[in-house]
Amino acid sequence: TAEELTAAVASLWPDPAHGEPWLVCTGGEPLLQLDAPLVAAFHEAGFEVALETNGTLPVPAGVDWVCLSPKGSAPLALDVCDELKLVYPQEDAPPERFGHIRARYRFLAPMASPRCATGEDAVKARNTRLALAYCLSNPAWRLSLQVHKLLGID
């Protein structure tokens, strides 16, 4: 149940002196499970709720932060978010395709292959240069580097 899941998550949260409880729902497509009663249960337990979604499903009421990360040419069910994050370049998902999205922040993350953790991969280096050049030419966009990949944590 929503209450059981909330209790399980709350039991893992460190001492409140370490900051406000902030829950990020991500991985796969979290909107296949996250619904308004679960968001409400997390709020009741004192959590703020963030979401990273591909945008193909509507976001339930009450989510505090929405990161929209569209993939390919999939149709979108939302046009407002807190942050828009694109892997770049994607042939079917160029940044221009998302100009209608109202987002407080826009990020481009260079596309990487599984071998890119060391930063030596030529494709990763090329994609990083392309993303940086796009951001410099389009100041509404910011470069987002995947720190876990730079550290070799995949």
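Just so we're clear, the structure is a prediction, and the values are computed from it rather than from any experiment.

(A) Spotlight on the confidence of the model for the protein chain. Model confidence for the protein chain is summarised by a mean pLDDT of 90, while 94% of its residues fall at 70 or above. No element of the protein chain has a lower mean pLDDT than helix α4 (residues 147–150), at 74, and none a higher one than strand β3 (residues 65–68), at 98.

(B) Focus on the pattern of salt bridges. In total, this model carries 2 salt bridges according to the counting rule given. The salt bridge involving glutamate 52 is made with lysine 85; its shortest N-O contact spans 3.3 Å. Taken together, the residues glutamate 52 in strand β2 (residues 48–53) and lysine 85 in strand β4 (residues 80–88) connect sequence positions 33 residues apart. For glutamate 52, a relative accessible area of 24% corresponds to the partly exposed category. Linking arginine 104 and aspartate 82 is a salt bridge whose minimum nitrogen-to-oxygen distance equals 3.1 Å. Of this pair, arginine 104 sits in strand β5 (residues 102–110) while aspartate 82 sits in strand β4, placing them 22 residues apart in sequence. We classify arginine 104 as exposed; its relative accessible area is 56%.

Rules and cut-offs
- Residues numbered from 1 in each chain as written.
- Predicted model: local features only at pLDDT ≥ 70, side-chain atom pairs only at ≥ 80, totals over all residues.
- Heavy atoms only, no water.
- pLDDT = per-residue confidence, 0-100.
- Helix = DSSP H or I, 4+ residues; strand = E, 2+ residues; numbered from the N terminus.
- Salt bridge = Lys/Arg side-chain N within 4 Å of Asp/Glu carboxyl O.
- Buried < 20%, exposed > 50% of the residue type's maximum accessible area, 1.4 Å probe, protein only.

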